[in-house]
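Survey of secondary and tertiary structure
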Amino acid sequence: MADSDVIMRNVDEANLSSKMLDSSDGRGESVDDFIKQYHRLSTDEQKVFQNYLQHMSLIDAGKVQVNVGNSEDSQLNLKWQNTKPFAALPPEAANTVKRVDKGKRDEQLEAVLEGIEFIHKRKLPRGLILNKDNPMQSPVTIKQEVEGCGKMVEVLGKGNSAGEITVFKDKKSEKKMALKTIMISQFNPDEIRLWVQLDGADLAPELYHFELAGNKLYFTMEIMSGKDLQDVIDEDMWMIPDKRLARDFSLCILNDLLEIWEEMRSRDFVHADMHAGNLRLEKTMKVKIFDFGRARSLLKEEKSQTQRLIKNDIVGIIRVFCALYSGYDFNNVFEAMKVLEAKNLKELDECMIRISEDSRKELYHIMNMLFDTVRADNQANDSNPGGFGDTKEITKHVKSLLSSSDMTEIKKRAAVILFPERFQNKAESEPVSKSPAKDSVDSRRGLQFKLDPDFDPIWNDPNMEEFVSNVTDIDLRELDSF
């Protein structure tokens, strides 16, 4: 059994709760049981377990030091140490210079010195450049230019806890990149931990570098092209009159979302803010996820909290898929969860007027399959080895509805509609082989799509197949943001 499994088993069996640790003498009614479990471990496992307790924040306002003797009748000694002498300060005071509070000099002095000593002993840099193949100017120079508003090109958006995300041109590499800043008081280390894992799997924008400067953290990252799935839902899906294409495209997107989810779950993370605005349909019609400000490592959470976080991510995926497939978007996660818990999706029929009865049945079946993975009674067993939140069987089901060759063709057809100025203009400006063009197409040849208000949308053209044939794999890789 792995050390992590032994640790979690003993934490559960010992009932090591904050209530026990908070008792006056550091002991609780389950301490004796805990000591027995502790002495079943090997010496190395005991060390791992002690380190686990010392480094985990078992109580919000402090930490616990564990000392256990070598015999069966030894006492378990838990030493409480307050580690938040500045708890009354506002978040923006983080990483600033503060005047000492009256009567708290020694306490606050030790807290600040502990932080300085930690950095000094570890000889830690203040940041990392993750893209070794991309030469960059000094991060300090980036900070100076950011604060002096130098080399800013445009504003891309704003994250949950971040300031504006802007386009920045690096002087040394001449490369445009996105720049994100966040106050250290709002920083969540799991944001970077999950980001680099998904970046390495090509499921998120590449993170080039991050660093701490002053009371802010600076991130430079890849600029994503394409458009957010929320824009696709709000502005584009209604333009696909071919109901079969709309259905197939929605299943393709769901397949990508499940790939992202399964990668996160395999690494014991949740995104914790899964919605269409944080998902982007990128260059090759592939979905990437971003904005990891609320990401959480499940290894740090209690079982009940872990299940709640997993459930929220799964319901987020269901919401996106439902909106793409049917046009109906739940107002929020809680509304979706209430309907899904009731196991009566038929009550949504009046909101599903855009799709047929057969399509509703398929949609409800997939939604129920997804939510069944996070119902309270869904635990690991012989028939369900993956346990809570395991979506592998749903992925197999989606793939059975669409072959890999189908997905490629579907994405090409969707690209013509979602990226019209890229592909429609190309088709109009280049001769189409195989069959003669219709008069309506000839009369439009050479006109600019964006500038002609009377332009007949390409998806109404009887020769749409000819336009689709012009969409190559190279084109898909070269899609630009617009």
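Scroll up to find the structure this text is about.
Here is a short report on the structure shown in this document. Values in this document were obtained by computation on a predicted structure and should not be read as measured data. (Residues numbered from 1 in each chain as written. Predicted model: local features only at pLDDT ≥ 70, side-chain atom pairs only at ≥ 80, totals over all residues. Heavy atoms only, no water.)

Some remarks on helix 14 (residues 404-418)
Compared with an ideal rise of 1.5 Å per residue, which puts 15 residues at 21 Å, helix 14 spans 21 Å between its outermost C-alpha atoms and is within 8% of the ideal. Among the residues of helix 14, Met407, Ile410, Lys411, Lys412, Arg413, Ala414, Ala415, Val416, Ile417 and Leu418 are the ones counted as buried. (Helix = DSSP H or I, 4+ residues; strand = E, 2+ residues; numbered from the N terminus. Expected span 1.5 Å × (residues − 1). Buried < 20%, exposed > 50% of the residue type's maximum accessible area, 1.4 Å probe, protein only.)

Details of the state of the cysteines
Following the criterion strictly, the structure yields 0 disulfides and no others. Looking at Cys351, it has no disulfide partner, and the nearest cysteine sulfur is the one in Cys322, 8.8 Å off. (Disulfide = S-S within 2.5 Å.)

Considering the environment of Glu341
With respect to the secondary-structure elements, Glu341 resides in helix 11 (residues 333-341). Along the primary structure Glu341 and Phe371 are separated by 30 residues, whereas in three dimensions their C-alpha atoms are 8.2 Å apart. Residues in contact with Glu341, not counting those within four places in the same chain, are Lys311, Phe371 and Arg375. Side-chain polar atoms of Glu341 contact the side chain of Lys311, separated by 3.1 Å. (Contact = heavy atoms within 4.5 Å. Polar contact = N/O pair within 3.5 Å; in protein donor to acceptor, adjacent residues only side chain to side chain.)

Quick word on helix 13 (residues 392-401)
The complete set of buried residues in helix 13 reads Ile394, Thr395 and Val398. Down the axis of helix 13, the buried set is contained in an arc of 100°. They therefore lie on one face. Facing away from the buried side of helix 13, by more than 90 degrees, are the exposed residues Glu393, Lys396 and Ser400. The inward-facing, buried residues of helix 13 contact helix 9 (243-266) and helix 12 (357-372). (Arc of directions from axis to C-beta.)

Some details on the nonpolar core
By size, the foremost hydrophobic cluster in this structure holds 87 residues, and its most contacted members are Leu229, Phe249 and Met367. Met367 has contacts with Ile318, Cys322, Phe330, Leu340, Leu345 and Leu348, leaving out every residue within four places of it along the chain. (Core = buried A, V, L, I, M, F, W, Y, C linked by side-chain atoms within 4.5 Å.)

Some words on the pattern of salt bridges
Taken as a whole and judged by the stated rule, the model has 26 salt bridges. With a shortest N-O distance of 3.6 Å, Asp248 and Arg244 are connected by a salt bridge. Pair noted here: Asp248 and Arg244 are both in helix 9, with a separation of 4 residues, about one helical turn. Judged by its relative accessible area of 53%, Arg244 falls in the exposed class. In this structure, Arg319 engages Asp329 in a salt bridge whose closest nitrogen and oxygen atoms are separated by 3.7 Å. Of the two residues, Arg319 sits in helix 10 (residues 303-326) while Asp329 sits in the loop between helix 10 and helix 11, which places them 10 residues apart along the sequence. Among the residues examined, Arg319 registers a relative accessible area of 14% and is labelled buried. Its relative accessible area of 26% is what places Asp329 among the partly exposed residues. Because the salt bridges share partners, they merge into one network encompassing Arg244, Arg247, Asp248 and Glu362. (Salt bridge = Lys/Arg side-chain N within 4 Å of Asp/Glu carboxyl O.)

Brief notes about unusual backbone geometry
With phi around 60°, Asp202 is a residue other than glycine that occupies positive phi space. Among the secondary structure elements, Asp202 is positioned in the loop between helix 7 (189-200) and strand 7 (207-213). Its relative accessible area of 40% is what places Asp202 among the partly exposed residues. With phi around 60°, Lys343 is a residue other than glycine that occupies positive phi space. In this structure, Lys343 sits in the loop between helix 11 and helix 12.

Things to note about a nonpolar patch on the surface
On the surface, Leu109, Val112, Leu113 and Ile116 cluster together into a nonpolar patch covering about 340 Å² of accessible area. By secondary structure assignment, the location of Ile116 is in helix 5 (residues 105-122). (Patch = residues over 30% accessible without salt bridge, like charges linked within 9 Å, V, L, I, M, F, W, Y side chains within 5 Å. Areas by Shrake-Rupley, 256 points an atom, 1.4 Å probe, with all protein chains shown as cover.)

Focus: the environment of Arg280
Examined against the element boundaries, Arg280 turns out to sit in strand 11 (residues 279-281). Taking the C-alpha atoms as reference, Arg280 lies 7.8 Å from Phe290; in sequence the two are 10 residues apart. For Arg280, the side chain forms a polar contact with the main-chain oxygen of Gly226, separated by 2.9 Å. A distance of 2.5 Å separates polar atoms of two side chains, one belonging to Arg280 and the other to Asp228.

Some thoughts on the packing of helix 9 against helix 12
Closest axis-to-axis distance for the helix 9/helix 12 pair is 13 Å, and the angle between their directions is 10°. Compared by their axis directions, helix 9 and helix 12 come out roughly parallel. Within the contact between the two elements, helix 9 uses Arg247, Leu251, Leu254 and Leu258 and helix 12 uses Glu362, Ile366 and Leu370. Here the contact of helix 9 with helix 12 is composed, by residue class, of 5 nonpolar, no polar and 2 charged. (Axes fitted to C-alpha atoms, helices over the stretch in contact; angles between N-to-C directions. Parallel < 35°, antiparallel > 145°, perpendicular 65-115°, else oblique. Nonpolar A, V, L, I, M, F, W, Y, C, P; charged D, E, K, R; others polar.)

Some details on the sheet that holds strand 9 (residues 227-228)
Pairing within the open sheet is antiparallel, and its 3 strands lie in the order 9-11-12. The sheet is open, and its two edges are formed by strand 9 and strand 12 (287-289), each paired on a single side. Direction of pairing for strand 11 relative to strand 12: antiparallel, over a ladder of 3 bridges. Pairing of Leu279 across the sheet is with Ile289, part of strand 12. (Pairing = 2+ DSSP bridges.)

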